Amino acid sequence: MFLGYFGWTSTAPGILGEILTAPLNVNAMTWRTCPAATELETVVIDWLRQWVGLSDDFGGVVYDTASVGIMHALATAREEAAPSTRILGLANRDLPRLRIYTSDQAHSGVDKAAIALGIGEENVVRVSSDDQFRMDVNSLGHNVVQDRQKGFHPMAAVATVGTTSTASVDPVPEIAKICRDEKMWLHIDGAYGGGFAMVPEYESVRQGWDLADSIVINPHKTVFVPLDFSVLYVRGLERLRRVFTLVPEYLRGDTLEAEKNYMDYGIQLGRRFRALKAWVIWRSLGRDGIVARLKEQIRLANLLASWIQGDDRFELAAPVSMGVICFRFLGRDAALRHPIGAARRPYQKQNHLDELNSQIVERINASGRAYLTHTKLRGQTVMRIGLGNILTTEEHLHTAWEIIRETAKALSISGAQ
Ligand code: PLP
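In this report, we go over the structure that sits alongside the text. Not measured: the values here are computed from a predicted model.

**Let's talk about the sheet that holds strand S8 (residues 314–316)**
Here is step 1 of the chain: As summarised here, the arrangement of the four strands in space is S8-S9-S11-S10, forming an open sheet in which the pairing is antiparallel. Unpaired on one side and paired on the other, S8 and strand S10 (373–377) mark the two borders of the sheet. Strand-to-strand twist across the sheet, computed as the mean angle between neighbouring axes with direction ignored, equals 40°.
Here is step 2 of the chain: Relative to strand S11 (residues 380–386), strand S9 (residues 324–329) runs antiparallel, the two being bridged by four bridges. The partner of Phe327 across the bridge, within S11, is Met383.
Here is step 3 of the chain: Packing against the sheet, helix H11 (residues 275–309) makes contact with S8, S9 and S11, and its axis sits at approximately 135° to S8.
Here is step 4 of the chain: Strands S8, S9 and S11 of the sheet are contacted by helix H13 (residues 394–413), whose axis makes an angle of about 125° with S8.

Right, dumping it as structure tokens:
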């Protein structure tokens, strides 16, 4: 009954993979410290690349999380925008302010990357999104032009495929065009949505990917690998290596003659054997098994949406995308109903509704019968369900829907509205 966040899931083969990994306790920092870990990492990275339809110009590396992947991608972008930053740093150099563009729906990992890289939170420009919560490309173009006039250096754009609140998908091909014209790095945050590119119905989400410089995908969100397992792909992986390779004397012997030492592709030296659990589970489910399960999530998400639409006390608050459903309780006041994405209406009652929707979530979570989250869309509090657990069935969802309706009714009768 856990329906919060992105419902990351553990599976029996995934658990087995972890059980095998722990006692081996190998270090995947160099090829020589564990050839099997290095080779298997390369194998699973390449499987996923092929499954999501990314060209072989892209090479990858496994990190713990997407936030770390985004930071490494933007570090590479920073080096290309301001060469020698690796050696000289950013301070006391005649450099313009570097700017990063991402939508107002993008994940906070972009801001954290800017903090860590010395670019600064204020230099992350939050581009407005359209009525479907996708980055507005005209606003992006406008922001870039304005920044150039101010003497700033547009460094990178981060497009999201599967945003955190609504799983909306930014228009990557159009964003890619602006990036090419403006010589900006294009990173795609496919932490959640990237895995859905495996599903034929969602193939369109991969449009424009081959024009990107980097993309991050979290198999620990959508491809059934237990936490943590995230892959960063870079077009021309050598670009990432140039920024991070550094071989101290005490590691030199270990790196001789090796084709690949994954320590060269990030700040981490010691690395877990993460590839083993991915290999076990992907071998076990197979590509078709993964796709079948993702399709089931999509079916369940649409089914819940149909129940919501069939009850006039509720409304969908965003288009249903992948396994994410955002919705809002309105009570009996149909006058408050408004189309998805429309500007918030100046009803005093909206505040009560915001409060009521948060209370419904809190009451359900406190009961321990189910778990969901809330988010804010265009200033309004909405409830959010993120499917993803491999064990979630239609029956669970139906029970959750009954709990939501019953809790909403009880709270609105008790006077919260
Ligand atoms: N990007 C998106 C779109 C996300 O939704 C999330 C997490 O939910 C992240 C990045 C960060 O992922 P991680 O927890 O792997 O750092």
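Don't stop here, the text continues.
**Regarding the packing of helix H3 (residues 66–81) against helix H5 (residues 109–116)**
Here is step 1 of the chain: At a minimum axis distance of 9 Å, the contact between H3 and H5 shows a crossing angle of 50°. Taken together, the axes of H3 and H5 are oblique relative to one another. Considering how the two elements wind past one another, H3 and H5 form a crossing that is right-handed. Within the contact between the two elements, H3 uses Ser67, Ile70, Met71 and Leu74 and H5 uses Gly109, Val110, Ala113 and Ala116.
Here is step 2 of the chain: Looking at the contact of H3 with H5 residue by residue, the class counts come to six nonpolar, two polar and no charged.

**What to know about the site of the ligand**
Here is step 1 of the chain: Around the ligand, 13 residues are found, and the nearest of them are Ala66, Ser67, Thr164, Asp189 and Asn218.
Here is step 2 of the chain: Note that an oxygen atom of the ligand is positioned 2.9 Å from one of the side-chain N or O atoms of Thr164.
Here is step 3 of the chain: In this structure, an oxygen atom belonging to the ligand sits 3.2 Å away from a side-chain N or O atom of Lys221.
Here is step 4 of the chain: Of the pockets mapped on this structure, the ligand occupies the largest pocket.
Here is step 5 of the chain: Mapped onto the shell around the ligand, the elements with two or more residues apiece are H3 and helix H8 (219–222).
Here is step 6 of the chain: Of the residues contributing to the shell around the ligand, the split by class is three nonpolar, eight polar and two charged.

**Some words on a nonpolar patch on the surface**
Here is step 1 of the chain: Among the surface-exposed residues, Phe2, Tyr5, Trp8 and Leu227 lie close enough to one another that they form a single nonpolar patch of about 380 Å² accessible area.
Here is step 2 of the chain: Position of Phe2 relative to the elements: it lies in the segment before helix H1 (12–24).

**A short note on the pairing of S11**
Here is step 1 of the chain: Most of S11 sits inside the fold, with seven of its seven residues counted as buried.
Here is step 2 of the chain: Pairing of S10 with S11, which is carried by five bridges, proceeds in the antiparallel orientation. Counted as the bridge partner of Thr373 is Arg384 from S11.
Here is step 3 of the chain: Taking the residues between adjacent antiparallel strands as the criterion, S10 and S11 are bridged by two residues, where Arg378 takes a positive phi near 50°.

About the criteria used
Residues numbered from 1 in each chain as written. Predicted model: local features only at pLDDT ≥ 70, side-chain atom pairs only at ≥ 80, totals over all residues. Heavy atoms only, no water. Pairing = 2+ DSSP bridges. Helix = DSSP H or I, 4+ residues; strand = E, 2+ residues; numbered from the N terminus. Axes fitted to C-alpha atoms, helices over the stretch in contact; angles between N-to-C directions. Contact = heavy atoms within 4.5 Å. Parallel < 35°, antiparallel > 145°, perpendicular 65-115°, else oblique. Left-handed = near helix turned anticlockwise from the far one by under 90°. Nonpolar A, V, L, I, M, F, W, Y, C, P; charged D, E, K, R; others polar. Near = heavy atom within 4 Å. Polar contact = N/O pair within 3.5 Å; in protein donor to acceptor, adjacent residues only side chain to side chain. 1 Å grid on protein atoms, 1.4 Å probe; cavity = no way out; pocket = protein on both sides within 12 Å on 5 of 7 lines; lining within 4 Å. Sits in = over half its atoms within 2 Å of the grid points. Patch = residues over 30% accessible without salt bridge, like charges linked within 9 Å, V, L, I, M, F, W, Y side chains within 5 Å. Areas by Shrake-Rupley, 256 points an atom, 1.4 Å probe, with all protein chains shown as cover. Salt bridge = Lys/Arg side-chain N within 4 Å of Asp/Glu carboxyl O. Buried < 20%, exposed > 50% of the residue type's maximum accessible area, 1.4 Å probe, protein only.

Function cannot be inferred from these measures alone, as they are strictly geometric.
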